[in-house]
Amino acid sequence: MPDLRVLIVDDEPLARERIRELLARETGIQVVAEARNGAEAAVMAAEHEPDVVFLDVQMPEVDGFGFLELLGPERTPVTVFVTAFDQYALRAFEVHALDYLLKPFDRERFQRALQRARDVLGGRETRAMSHRIAAMLAELTPERRYAERLVVKTADKTILVRTDEVDWIEAAANYLRLHRGRDVHLLRETMSSIESRLDPSRFVRIHRSTIVNLDRVAHLESWFHGDYCVKLADGTALTLSRTYRDRFEERLGRPL
């Protein structure tokens, strides 16, 4: 059986060292990377594709929840949270998370969390785990936070693309094309999944295969059969299909 690939994420060096030392006492473990915050962790996760992440919740810049939002539930490794959260928040962890380690924790408690991670991976219950992660995020964030960055993996590097820099998105077989100025990035995700992670006040779906950033729309031209041509500021022409017209008008706050 191959080694369990582990990512450690914590802004405190001593906390990372503690987890690394505990993992060193176990067999069949490979620590593939360490990260100090959620943004750095998202890059590491895309590059190294760990099986398990030990994830601190409270970190500067991008916290643990921000990391989960960057990757999206479908691409998130099996997650063991490392937290000092209060009892209210812990109830959400108890219901939805694979496991959590409440700081400070001992070796026995750590081993139980690690074994649960092995059990989940052994049973290939990762899809169920992704649903639990999504449910926990919804419960812990009363006002939903939408993705501020998207993680794009290329052949030789991993790029963090700010969502407010994306002009429009189109479906391309099993991928999405993110259009950002003259750059085009390929992202392995579905239209429905990315639509749920984008701020609906800024992004709107105008076709079954197209999402547009409303800030980039210059004007619309009426076409046939209720369709419209959506012209962007850079001259790009997209189709607003009749099926998505009501949704577009709702975002505008007025009929076309």
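Scroll up to find the structure this text is about.
To start, this report covers the structure provided alongside it.

What counts, and where the lines are drawn
Along each chain, residue indices are assigned from 1 in the same order as the chain's sequence is written. Owing to the predicted nature of the model, reporting of local features is limited to residues with pLDDT of at least 70; listing and counting of side-chain atom pairs is limited to 80 or more, with chain, interface and lining totals taken over all residues. Side-chain figures throughout are based on the complete set of non-hydrogen atoms in the structure, without hydrogens or water. Only rings of Phe, Tyr and Trp enter the pairing, Trp through its six-membered ring, and a pair is recorded when the two centres are within 6.5 Å. The plane angle decides the type: under 30 degrees is stacked, over 60 is edge-to-face, the rest tilted. Secondary structure elements are taken from DSSP: a helix is a run of H or I of four residues or more, a strand is a run of E of two residues or more, and numbering for both begins at the N terminus. Relative accessible area decides the class of each residue, using a 1.4 Å probe on protein chains only: under 20% of the type maximum gives buried, over 50% gives exposed, and in between gives partly exposed. Contacts are residue-level and defined by heavy atoms, with any inter-residue pair within 4.5 Å sufficient. Pairs of strands are assigned from DSSP output, requiring at least two bridges between the strands. As a rule, the C-alpha atoms of each element are fitted with a line to give its axis, helices using only the stretch in contact, and angles between N-to-C directions run from 0 to 180 degrees. Definition of a polar contact: a pair of N or O atoms within 3.5 Å, with one able to donate and the other able to accept a hydrogen when the atoms are protein atoms, and with sequence-neighbouring residues admitted only if both atoms are side-chain atoms.

### Looking at the packing of aromatic side chains
Inspection of every chain in the model, using the stated rule, returns two aromatic pairs. Considering the side-chain rings of F54 and F110, the 5.0 Å spacing of their centres and the 20° angle between planes classify their relative orientation as stacked. Here the residue F54 occupies a position in strand 3 (residues 52-56), and F110 occupies one in helix 5 (residues 107-122), the gap between them amounting to 56 residues. Both residues of the pair, F54 and F110, count as buried.

### Some details on the environment of H207
Here H207 shows up in strand 11 (residues 203-207). Residue H207 is classed as partly exposed on the basis of its relative accessible area of 21%. Sequence separation between H207 and T239 is 32 residues; the distance between their C-alpha atoms is 6.8 Å. Each residue touching H207, except ones within four places of it in the same chain, is listed here: T239, S241 and Y244.

### Section: the sheet that holds strand 12 (residues 210-213)
The strand order across the open sheet built from five strands is 10-9-8-12-11, with neighbouring strands paired in antiparallel fashion. The open sheet is flanked by strand 10 (183-187) and strand 11, the only strands paired with a single partner. Direction aside, the axes of adjacent strands within the sheet are offset by 25° on average. Sheet topology note: the strand 8 (residues 168-172)/strand 12 ladder contains three bridges and is antiparallel. From the neighbouring strand, W168 faces strand 12, where its bridge partner is V212.

### Here's the deal with the environment of L150
Within the secondary structure, L150 sits in strand 6 (residues 149-153). Look at L150 and you get buried, because its relative accessible area is 0%.

### Looking at helix 3 (residues 64-71)
Most of helix 3 is tucked away: eight of the eight residues are buried. Among the residues making up helix 3, those that are buried are G64, F65, G66, F67, L68, E69, L70 and L71. The opening residue of helix 3, the one whose side-chain oxygen lies 3.1 Å from the backbone nitrogen of F65, is D63. Once helix 3 finishes, G72 follows within two positions and takes phi at roughly 85°, a positive value.

What is shown is where atoms sit, not what they do.
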